[in-house]
Amino acid sequence: MAETNKGRSEEEVARAFVNHYYHLFDNDRSSLFTLYRSTSLLTFEGQKIYGVEDIFYKLKQLPFDQCRHLISTVDSQPSSMAGGCGGILVFVSGSIQLHGEDHPLRFSQTFHLVPLPQGSFFVQNEMFRLNYG
C-alpha cells in the first residue's frame, strides 16, 4: 500500500474521494467543478470533454436533476507519472437510481487523481460508461 503526501494510503484517499464525489453529484452537482482543472479530461460515453468549464457544462446539462449513486466496488492503485507525483487510479462500479425510475442503471467509472501542493487531489482523467446487457 503506497502512502500519499499526507500519509494516508491510496485506498483511504480513493474511498474518501468516491464518497465525496458521489455525495456532491447526488446533492450539489454544481460543486463538482472544484474537483477539476484546466488540464482535466472526461470521457463520457465515448465523448471526450476537455477542461473544467466544459466538464462542468456536461455534468450540469445531464437529462436528470435527482439521482442516487449506489456504489458496489472501489478499487485503487498508486500511479506515478514523470517525477513520481503520487497520483491514484480509482475504478468504481455501481448503479444510479434516477428519480421516478423503477430500475437502476449500472455504471463503471474511472478516475485518475493527481495531488496538489496543499495535499488535496484533483481529477486529471475520468471515464464514465453505463453498463448495458
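Residues numbered from 1 in each chain as written. Predicted model: local features only at pLDDT ≥ 70, side-chain atom pairs only at ≥ 80, totals over all residues. Heavy atoms only, no water.

Novice: Is there a simple way to think about unusual backbone geometry in this case?
Specialist: Negative phi is the rule for most residues except glycine; trans is the rule for most peptide bonds. The phi angle at Glu 45 is positive, at roughly 50 degrees, despite the residue not being glycine. Note on placement: Glu 45 falls in the loop between β1 (36–44) and β2 (47–50). For Glu 45, a relative accessible area of 31% translates into the label partly exposed. (Helix = DSSP H or I, 4+ residues; strand = E, 2+ residues; numbered from the N terminus. Buried < 20%, exposed > 50% of the residue type's maximum accessible area, 1.4 Å probe, protein only.)

Novice: How should the sheet that holds β1 be read in this particular structure?
Specialist: Two pairing modes exist for strands in a sheet, parallel and antiparallel, and in both the strands are linked by backbone hydrogen bonds. If you trace the six strands from one edge of the open sheet to the other, you get β2-β1-β6-β5-β4-β3, paired in mixed fashion. Here the strands that pair on one side only, and so sit at the sheet edges, are β2 and β3 (67–79). With strand direction ignored, the average angle separating the axes of adjacent strands in the sheet is 15 degrees. In this structure, strand β4 (residues 87–98) lies alongside strand β5 (residues 105–115), joined through nine bridges in antiparallel fashion. Note that in β5 the partner of Val 90 across the bridge is Phe 111. Helix α1 (residues 10–27) contacts β1, β3, β4, β5 and β6 (121–130) of the sheet and is inclined by roughly 150 degrees relative to β3. Those strands touched by helix α2 (residues 52–60) are β1 and β2, and its axis lies near 45 degrees from that of β1. (Pairing = 2+ DSSP bridges. Axes fitted to C-alpha atoms, helices over the stretch in contact; angles between N-to-C directions. Contact = heavy atoms within 4.5 Å.)

Novice: Looking at this structure, I do not really get the packing of aromatic side chains. What am I missing?
Specialist: Between two aromatic rings, the relevant description is the distance of the centres plus the angle of the planes. According to the stated counting rule, one finds ten aromatic pairs in the structure shown. An angle of 75 degrees between the planes, with centres 4.9 Å apart, marks the rings of Phe 17 and Phe 111 as edge-to-face. A residue pair is termed long-range when its members are at least 10 positions apart, and Phe 17 in helix α1 and Phe 111 in strand β5 qualify at 94 residues. A relative accessible area of 10% means that Phe 17 is categorised as buried. Of the residues examined, Phe 111 reaches a relative accessible area of 0% and is grouped as buried. Relative to Phe 128, the ring of Phe 107 lies with its centre 5.9 Å away and its plane at 20 degrees, an arrangement referred to as stacked. Residue Phe 107 is located in strand β5, and its partner Phe 128 is located in strand β6; the two are separated by 21 residues in the primary sequence. Classification of Phe 128 by relative accessible area gives buried; the value is 8%. Each member of the aromatic cluster is reached from another via a ring pair, and the members are Phe 17, Tyr 21, Tyr 22, Phe 25, Phe 44, Phe 107, Phe 111 and Phe 128. (Phe/Tyr/Trp six-rings, centres within 6.5 Å; stacked < 30°, edge-to-face > 60°.)

Novice: Can you walk me through α2 in this structure?
Specialist: Residues spaced three or four apart along an α-helix point in a common direction, a consequence of the helix completing one turn every 3.6 residues. Buried within α2 are the following residues: Val 52, Ile 55, Lys 58 and Leu 59. What you see down the axis of α2 is that its buried residues fit within an arc of 130 degrees, all on one side. Residues of α2 that are exposed and point over 90 degrees away from its buried face: Glu 53, Tyr 57 and Lys 60. Residues of α2 that are buried in the fold lie against α1, β1 and β2. (Arc of directions from axis to C-beta.)

Novice: What is the right way to read the pattern of salt bridges from this model?
Specialist: Two side chains with opposite charge may pair up if their charged atoms get near one another. Within this structure, the stated rule accounts for one salt bridge. Close ionic contact of Arg 129 with Glu 45 constitutes a salt bridge, the shortest N to O distance being 3.7 Å. Of this pair, Arg 129 sits in strand β6 while Glu 45 sits in the loop between β1 and β2; the two residues are 84 residues apart in sequence, bridging distant segments of the chain. (Salt bridge = Lys/Arg side-chain N within 4 Å of Asp/Glu carboxyl O.)

These results come straight from atomic positions and should not be treated as a statement about function.
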